[in-house]
Every structure is written in structure tokens, then in C-alpha cells.
Amino acid sequence: MVAVHPTRAESAVSPEPVRALKPTLAGMTRAQMGAALKAAGVPDKQQRMRVNQLWKWIYVSGVATFEAMTDVSKDLRAKLADHYMLERPEIVAEQVSIDGTRKWLLRLPKRGHEVRAPEVECVYIPEEDRGTLCISSQVGCTLTCTFCHTGTQKLVRNLEVEEIVGQILVAKDRIGDWPGATPPGDGAMLPVSERKITNIVLMGMGEPLYNFDHVRDAMDVASDGEGLSMSKRRITLSTSGVVPEIGRWGEEAGTMLAISLHAVRDELRDVLVPINKKYPIAELLEACRNYPGVSNARRITFEYVMLKGVNDSLAEARELVRLLAGIPAKINLIPFNPWPGTDYDCSDWAQIEKFADVVNKAGYASPVRTPRGRDILAACGQLKSESQRVRASERVAAPVSDATDGGA
Ligand code: SAH
Ligand code: SF4
């Protein structure tokens, strides 16, 4: 369970795990849906038309029942219902921060030999001019950035395409972000001013470039103009620096890019972001210079977490500016979000301002990102679920007791 702050955070908890007995169509790509229809006995020559119908119901209208699909024959609806569901990932807990940020803990269907259903987190951040959904790409993470809460959770598995898209569907359900959504009367609606997902950031749990194909296909679904219609310019993938995949991501997915830089010297970045030992700063920046489509209108965001006494000196601010010279860049200074058990502290506010000053004077508008949802551990790097990888030797001993490590 994630920590529930008693103040004004509300939470809704569903205790019973729902088993996914049938595959869900909600979250599938067109190709997957075509194959699903074929398996349900739909003749080949009808497939395209049928996929288009389903696509519209699922991704434009957001329906969650086959009965609602009024232009699909009763016969086919029954056939589809025999084989498939329209279920989204199950909401285990929903928390609402005093600043309006919402965090969902989602339970995914078990796969293969999994003894426990894995869980991931997804966060919605409403702002005046936008609504950003932060989604996860993996359960846990193979990398071990020392300041990141997710990094303390071993990788359990990659998310499937429909589990990535499913996070968007769940969020839209809960905040009433479908056309004509009527207030369901159970707290699912947000005030109009806080509604609507306009941006997606792949900044939840996991390293998205280590789940490349599924994340790419999921973003194709999200950006499909006949469906969810998210503009790729409003989708940002954040990577710790998987250099060999950066260019390919630009070519195949073409979203905006954010780089978790966090240090300007290799010796320090080796510690903070250990993938740096494999792909050092110079190689990372070279991949950024060559990122397909990069321009002043499509800048790369460099994330820099402010760690007191670790990476926050003014000399480092100047070095940061020097390093990024020539790259169309934005700089995001992120106040460190503490989590239980961390040894790091957030830089003092005065120091963050001085650091930001150096960066601003060099011509970067670098608003310091206000931490959102800190009271519900929904801010950057605070996400963590209790899913643990269960070793083969443990699989036989069901039921497995809660393998928690006192996490979030
Ligand atoms: N794995 C990817 C994306 C998820 S992390 C990556 O590392 O880029 C999203 C952002 O939050 C990254 O920039 C990450 O470095 C940062 N982050 C992690 N832990 C944090 C913390 N405790 N406080 C502030 N930012 C953090
Ligand atoms: Fe993984 Fe990103 Fe956290 Fe590093 S910062 S451990 S890559 S989720």
C-alpha cells in the first residue's frame, strides 16, 4: 500500500483483486484488435471496418461495455463479449493531494508464472493551462539511481501495450475526460477547470527505453488522430540515458525527449545515475545533438534534481550551461522529493534560486518545477509499488506472504 496522508487526501480502496479472465480490447493497437477480431471469427474483409468501429467506441467515446456499441450488430457484440473484455487496469487505491494531483495505484493482470498481480502507479497533475498525465512503463526499474524511490524496487516486468494505454483510459474515466461524460456521482468528476489530459509524460515507474516496443506502440495508440488524438509534441519520454535507443526512439516514435542529467561530471553522474558508467555524459549529449527533429521549436528538456551539497554548486550551474551550449535545450530544475529511507536532502531554496539565476542568465527560461502531490508521494521519483519479483524457488509456495520492504 502507498502511504495515505491523513490531512485532506482522500482515498478509495478496492480490496478484492479482479482476475483478468479474458484479454481486454481496451488499450490494444489496431493490429492487435484486427487479430482479436479474426480470432473471434470476424471475416477478413470486415476487419478494417470493425476495427474502426471498436476504435471509435473505445478511444473516442471511452465506452467500457459492448452493449454501448450501438452500430455493432448484437450478434457480434455477443461474440466479442464471449472472448474479450473492455476492462482497464484495476484501481487499487486513488489518492487526491491537497493540490489536486491524483495518484492511482493500479493492479495489472497476472501473467505467466506471476504469483502476485503486479502494481504500478499513475499520476494526474492538473494545472491552469494544462493537465499532465504521468505514466509508468515498467513495474519497478532495472536501474538504480540513488536518489530515486522507484530505483529501490527491482524490476518485476515490462508493461504490455494495453497496460500502458490502460493508464490513460483509467485516468480519463476517473476525471470524466470523455466527451459527454456525465457526472457518475461517485467522486469521479473533477471541476471543469481541472479536467482534460492535454499532455503525457513517460516519467512514472521504469526506464521507458528498456520497454521500447511496447511504449512506442502505446504512444502510437495515444497519438492516433482517429482515437485518443494526443499530439506527439505533447508527449514527452524521459530517459536516464539509454544512448543506443535515443535516436531510434526519435525515428520510430518522434515524441519530445527529456534527459535525466542530474550531474555535469561523469564521476558524480556515475553515482547518481549509474547507467552513466555505460553511456557517459559526452555520448549522451552527442545522441541529443543528433535527436531526430530537434530544433529551437522542439527542444530537449534536461532534468536536474537539486540535491543539497551534492550537485547544487554555482560552479556546477555554470558547467551545466557550458555543456548544453549548441543543443536546443530547456532546463528543468527539480527540487529533490524525499522518500522514506533516503540519505539525500533537497537543496535550500536560496541555493536553488541562485542556481536558477545562473541558468536563466545564460538564456534558459528554467522555471523551478514546483513539486506536486508530495503529500501523497506522487511527485517525481516517489513512485513505487510493492510488487516484488518472486524468485522461481518461491513460486511453488503460494500464497506468498507480502514481500514488502516497508516502501512508499
Ligand atoms: N526512468 C526515467 C523516467 C522516470 S523518472 C528517467 O529516469 O528519466 C522521472 C524523473 O524524475 C527523472 O528525471 C528522475 O531522475 C526524476 N527523479 C527520480 N527520483 C526523484 C526524486 N526523488 N526527486 C526528484 N526527481 C526525481
Ligand atoms: Fe529508474 Fe528513472 Fe528511477 Fe533511475 S530515475 S531508477 S531510470 S525510474
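Residues numbered from 1 in each chain as written. Chains lettered and ligands numbered in written order. Predicted model: local features only at pLDDT ≥ 70, side-chain atom pairs only at ≥ 80, totals over all residues. Heavy atoms only, no water.

## Considerations on the overall build of the protein chain
Selection rule: Helical segments are the DSSP runs of H or I of at least four residues, strand segments are the runs of E of at least two, and each set is numbered from the N terminus. Only protein chains enter the accessibility calculation, which uses a 1.4 Å probe; a residue whose area is less than 20% of its type maximum is buried, one above 50% is exposed, and one in between is partly exposed. Note that accessible areas follow from Shrake-Rupley with a 1.4 Å probe, and for residues the cover is restricted to the protein chains shown.
When its secondary structure is counted, the protein chain shows eleven helices and twelve strands. Counting every position in the protein chain, which comprises 408 residues, the buried fraction comes to 54%. When the accessible surface of the protein chain is split by element, carbon and sulfur atoms take 52% of a total near 17,900 Å².

## Comments concerning helix α8 (residues 281–289)
Note the cut-off: Directions are taken from the helix axis to each C-beta atom, and the arc is the one they span.
All of the buried residues along α8 are Ile281, Leu284, Leu285, Ala287 and Cys288. Angular distribution of buried residues about the axis of α8 spans 155°; they occupy a single face of the element.

## Concerning the nonpolar core
To keep it simple, the criterion reads: Here, the term nonpolar core denotes a set of buried Ala, Val, Leu, Ile, Met, Phe, Trp, Tyr and Cys residues that are joined through side-chain atoms within 4.5 Å. Domain limits in this description derive from either an automatic procedure or a database domain assignment. By definition, residues are in contact when any of their heavy atoms lie within 4.5 Å.
Leu25, Phe147 and Phe302 are the most contacted members of the largest nonpolar core, which totals 108 residues. With eight residues, the single largest contributor to this core is helix α4 (residues 161–175). Two domains share this core, each providing at least three of its residues, namely domain 1 (30–86) and domain 2 (90–376). Once you skip the residues sitting within four places of it in the chain, Phe147 turns out to touch His262, Leu272, Val273, Val305, Leu307, Phe336, Trp339 and Tyr344. Counting residues in hydrophobic clusters, the runner-up holds six residues, among them Ile125, Cys134, Val201 and Ala258.

## Side note on helix α2 (residues 47–61)
What counts is decided by this rule: By definition here, a helix of n residues has an expected span of 1.5 Å times n minus one.
For α2, which comprises 15 residues, the first-to-last C-alpha distance of 20 Å matches the rise-based estimate of 21 Å (1.5 Å per residue) to within 8%. Of the positions making up α2, those classed as buried are Gln47, Arg50, Val51, Gln53, Leu54, Trp55, Trp57, Ile58 and Tyr59. Immediately downstream of α2, the backbone of Gly62 shows phi near 75°, a positive value.

## Some words on the packing of helix α5 (residues 212–223) against helix α6 (residues 243–252)
Convention followed: Working convention: axes come from line fits to C-alpha atoms, limited for helices to the stretch in contact. Angles between N-to-C directions cover 0 to 180 degrees. Orientation is classified from the angle alone, with under 35 degrees giving roughly parallel, over 145 giving roughly antiparallel, 65 to 115 giving roughly perpendicular, and any other angle giving oblique. Crossing handedness follows the turn of the near helix against the far one: under a right angle anticlockwise gives a left-handed crossing, and clockwise gives a right-handed one. Under this grouping Gly is polar, as are all residues other than the nonpolar Ala, Val, Leu, Ile, Met, Phe, Trp, Tyr, Cys and Pro and the charged Asp, Glu, Lys and Arg.
Packing of α5 against α6 leaves a shortest axis separation of 11 Å and a crossing angle of 25°. Regarding the angle of α5 to α6, the classification is roughly parallel. Here α5 and α6 pass one another in a crossing that is right-handed. Of α6, the residues touching α5 (which contributes Phe212, Asp213, Val215, Arg216 and Met219) are Glu245, Arg248, Trp249 and Glu252. Its residues assigned to classes, the contact of α5 with α6 comprises four nonpolar, no polar and five charged.

## Structural notes on the pattern of salt bridges
Note the threshold: Note on definitions: salt bridges are taken to be side-chain nitrogens of Lys or Arg within 4 Å of carboxyl oxygens of Asp or Glu.
Inspection of every chain in the model, using the stated rule, returns 28 salt bridges. The shortest N-O distance in the salt bridge between Lys172 and Asp177 comes to 3.3 Å. A single salt-bridge network, built from bridges that share partners, covers Arg111, Glu114, Arg157, Glu160, Glu162 and Glu163.

## Details of empty space enclosed by the protein
The following threshold applies: Here a cavity is any set of points on a 1 Å grid over the protein atoms alone where a 1.4 Å probe fits but cannot get out, and a pocket is any open set with protein on both sides within 12 Å along at least 5 of 7 lines; a residue lines the site when it has an atom within 4 Å of a point. Grid points are joined across faces, edges and corners, and a volume is the space filled by probe spheres set on the points.
One pass over the structure, following the stated rule, counts three cavities of 30 Å³ or more. In this model, the second largest cavity occupies a volume close to 50 Å³. Forming the boundary of the second largest cavity are Thr255, Met256, Leu257, Tyr291, Pro292, Gly293, Val294, Arg298, Arg299 and Ile300. Taken together, the residues of the lining of the second largest cavity break down into six nonpolar, two polar and two charged.

## A closer look at the site of ligand 1
Put simply, the rule is: We define proximity as follows: a residue is near a molecule or strand when any one of its heavy atoms falls within 4 Å of that partner.
Taken together, the neighbourhood of ligand 1 is formed by 21 residues, with Gly206, Ser238, Ser260, His262 and Asn337 sitting nearest. Look at ligand 1: alone it shows 540 Å² of surface, and the protein chains cover 96% of it. Among the elements of the structure, β9 (235–239), β11 (300–306) and β12 (329–335) are those that each provide at least two residues to the shell around ligand 1. Looking at the shell around ligand 1, its residues break down into ten nonpolar, nine polar and two charged.

## Re the confidence of the model for the protein chain
Put simply, the test is: Per-residue confidence from the predictor is given as pLDDT, running between 0 and 100.
Across the protein chain, the average pLDDT comes to 85, with 83% of residues at 70 or higher. Predicted confidence is poor over residues 183–187, with pLDDT under 50, and the contacts of this stretch with residues over four places away or in other chains come to five contacts.

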